[in-house]
Amino acid sequence: MGLMKLEHALHAARALVLADLAAGEVAQADIVSLVEDSIAHRRWWVEQWPEGADYLAGLVAQDVQDALLERYGRWPLCPVCTEGGDPHALDVEPELGPDPHWVCGKTAVAVARVGTLGTI
């Protein structure tokens, strides 16, 4: 994989996840640092497996979601299941594949593509 294509894929993944964080109004500096940590880790990963460049957005979204769960709680919360008092986070599907979406794991409803939570 050429350096330009690698950098483009990493920047695109960063932008998509940052857009979703901003849509949820959780793009504070310490949380953006979680995105940067994921990008640094995934840079090494995609250098080892260049064919995985199309999977970066979903993987970075999952990395940030996992890091947020450990430090702050669930993100992003499901807008589909608003009743019942048991808020849950959306899942990224496919877990390893191109064109990742945020999906409600309880109802299997695709809520938005990664990077477009602000449009729902």
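Here is what the cut-offs are and how they apply
Residues numbered from 1 in each chain as written. Predicted model: local features only at pLDDT ≥ 70, side-chain atom pairs only at ≥ 80, totals over all residues. Heavy atoms only, no water. Salt bridge = Lys/Arg side-chain N within 4 Å of Asp/Glu carboxyl O. Helix = DSSP H or I, 4+ residues; strand = E, 2+ residues; numbered from the N terminus. Buried < 20%, exposed > 50% of the residue type's maximum accessible area, 1.4 Å probe, protein only. Phe/Tyr/Trp six-rings, centres within 6.5 Å; stacked < 30°, edge-to-face > 60°. Lys NZ or Arg CZ within 6 Å of the ring centre and 35° of its normal.

Enquirer: Just checking my understanding: could you explain the pattern of salt bridges for this structure?
Expert: A pair can form between side chains of opposite charge whenever their charged atoms are brought close. For the coordinates displayed, the defined rule picks out 5 salt bridges. Measuring nitrogen to oxygen at the nearest pair gives 2.9 Å for the salt bridge that ties Glu36 to Arg14. Of this pair, Glu36 sits in helix α2 (residues 29-48) while Arg14 sits in helix α1 (residues 3-23), and the two are 22 residues apart along the sequence. With a relative accessible area of 32%, Glu36 lands in the partly exposed category. In this structure Arg14 comes out as buried when scored by relative accessible area, which is 16%.

Enquirer: Is there a simple way to explain the packing of aromatic side chains in this structure?
Expert: To describe a pair of aromatic rings, one takes the distance between the centres and the angle between the planes. For the structure on display, the rule yields 3 aromatic pairs. The interplanar angle of 50 degrees and the centroid separation of 5.5 Å between the aromatic rings of Trp49 and Tyr55 together place this pair among those described as tilted. Taking relative accessible area as the criterion, Trp49 reaches 33% and is therefore assigned partly exposed. Each ring, one from Trp75 and one from Trp102, has its centre 5.3 Å from the other, and the planes form 80 degrees; the classification is edge-to-face. Of this pair, Trp75 sits in the loop between α3 (56-71) and β1 (91-93) while Trp102 sits in strand β2 (residues 101-103); the two residues are 27 residues apart in sequence, bridging distant segments of the chain. Neither residue differs from the other here; Trp75 and Trp102 are each classed as buried. Taking the ring centre of Trp45 as reference, the NZ or CZ of Arg42 above it sits at 5.4 Å.

Enquirer: It is not clear to me how the side chain of Ser38 should be interpreted in this structure. Could you clarify?
Expert: Mapped onto the elements of the fold, Ser38 is located in helix α2. What makes Ser38 buried here is its relative accessible area of 5%.

Shape is all these values report; function is a separate question.
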